[in-house]
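A structural walkthrough
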Amino acid sequence: METGEEITVFTEPVSQEVTDYLIGTIELDSGWNFVSIPRRLAKEVNTASIFNGLDSAGHSIWTYNQKDGGWNDLTAEDRILPLEGYWVYSTGSFTVPLSFSDDPLQVPPVKDMIAGWNMFGFTGNIPASARDSLLSIRNTWTEVIGWDRTNQRFETTIVNGGSNEMADSRMLEPTRSYWVYVTESCSLASIGA
């Protein structure tokens, strides 16, 4: 560096969410929440016990098994996995703490889907368009439906190649789950490791 040379320093604050890669949260509202984890959890905290302390008014935590076409209620010992969706009931606002794996050798998750409706959890720490999130199944997905936890109803459908309110440029959100319709068996790749 030569004397008198100017250096530009960027002082814009960096979001805590971006800087703290190993921890996160799932924010629950009162009523039903359709949630997911954005990455693999640390081994010591990768079960449904992450929901300990939640007042669910006696409701089970549910996930959907596409291959068997049935619902599974979780026990505290069941693993919580990326790309899986979970229906969680809460009597009020509740924050679920997450601790992510720091294993650099893990292979990014993949979820096998069958023709018809499949439940999937969004992966990644920042919102991404449906088109980008579902790139690995771009030729097989037709529509995506999310859940509005605040108003307790399904959101407007996102259509592959759609426009206006149904545009596939609409964003999918971290820690949320969605229904997706696929026309044939396929594998959905994670967009975050």
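Below or above, wherever it landed, is the structure these notes cover. Everything numeric here is computed off the predicted structure, so don't read it as measured data.

1. Some thoughts on the environment of leucine 135
By the secondary structure assignment, leucine 135 is in the loop between helix 2 (130-133) and strand 10 (141-148). Classification of leucine 135 as partly exposed rests on a relative accessible area of 45%. Along the sequence, leucine 135 and serine 190 sit 55 residues apart, while their C-alpha atoms lie 9.9 Å from each other.

2. Overview of the packing of aromatic side chains
Tallied over the entire structure, the rule returns eleven aromatic pairs. Note on phenylalanine 34 and tryptophan 179: the rings are 6.2 Å apart at their centroids and 40° apart in plane angle, and the pair reads as tilted. With phenylalanine 34 in strand 2 (residues 31-35) and tryptophan 179 in strand 14 (residues 177-182), the pair connects residues that are 145 residues apart, well separated along the chain. Of the two residues examined, phenylalanine 34 and tryptophan 179, each falls in the buried class.

3. Some details on unusual backbone geometry
Although it is not a glycine, leucine 83 sits at a positive phi angle of roughly 75°. Along the chain, leucine 83 turns up in the loop between strand 4 (70-73) and strand 5 (86-90). Its identity is not glycine, yet asparagine 164 carries a phi of approximately 55°, on the positive side. The topology assignment puts asparagine 164 in the loop between strand 12 (158-159) and strand 13 (171-172).

4. Topic: the pairing of strand 3 (residues 62-65)
Sheet faces and side chains relate simply in a regular strand, where the side chains alternate between the two faces. The sheet contact formed by strand 3 and strand 4 spans four bridges and is antiparallel. Residue pairing for strand 4: threonine 63 is matched across the bridge by asparagine 72.

5. Topic: the side chain of threonine 175
With respect to the secondary-structure elements, threonine 175 resides in the loop between strand 13 and strand 14. Discounting chain neighbours no more than four positions away, the residues touching threonine 175 are Thr25, Ile26, Phe34, Val35, Ser36 and Pro38.

What counts as what
- Residues numbered from 1 in each chain as written.
- Predicted model: local features only at pLDDT ≥ 70, side-chain atom pairs only at ≥ 80, totals over all residues.
- Heavy atoms only, no water.
- Helix = DSSP H or I, 4+ residues; strand = E, 2+ residues; numbered from the N terminus.
- Buried < 20%, exposed > 50% of the residue type's maximum accessible area, 1.4 Å probe, protein only.
- Phe/Tyr/Trp six-rings, centres within 6.5 Å; stacked < 30°, edge-to-face > 60°.
- Pairing = 2+ DSSP bridges.
- Contact = heavy atoms within 4.5 Å.

On their own, these measurements won't tell you what the molecule is for.
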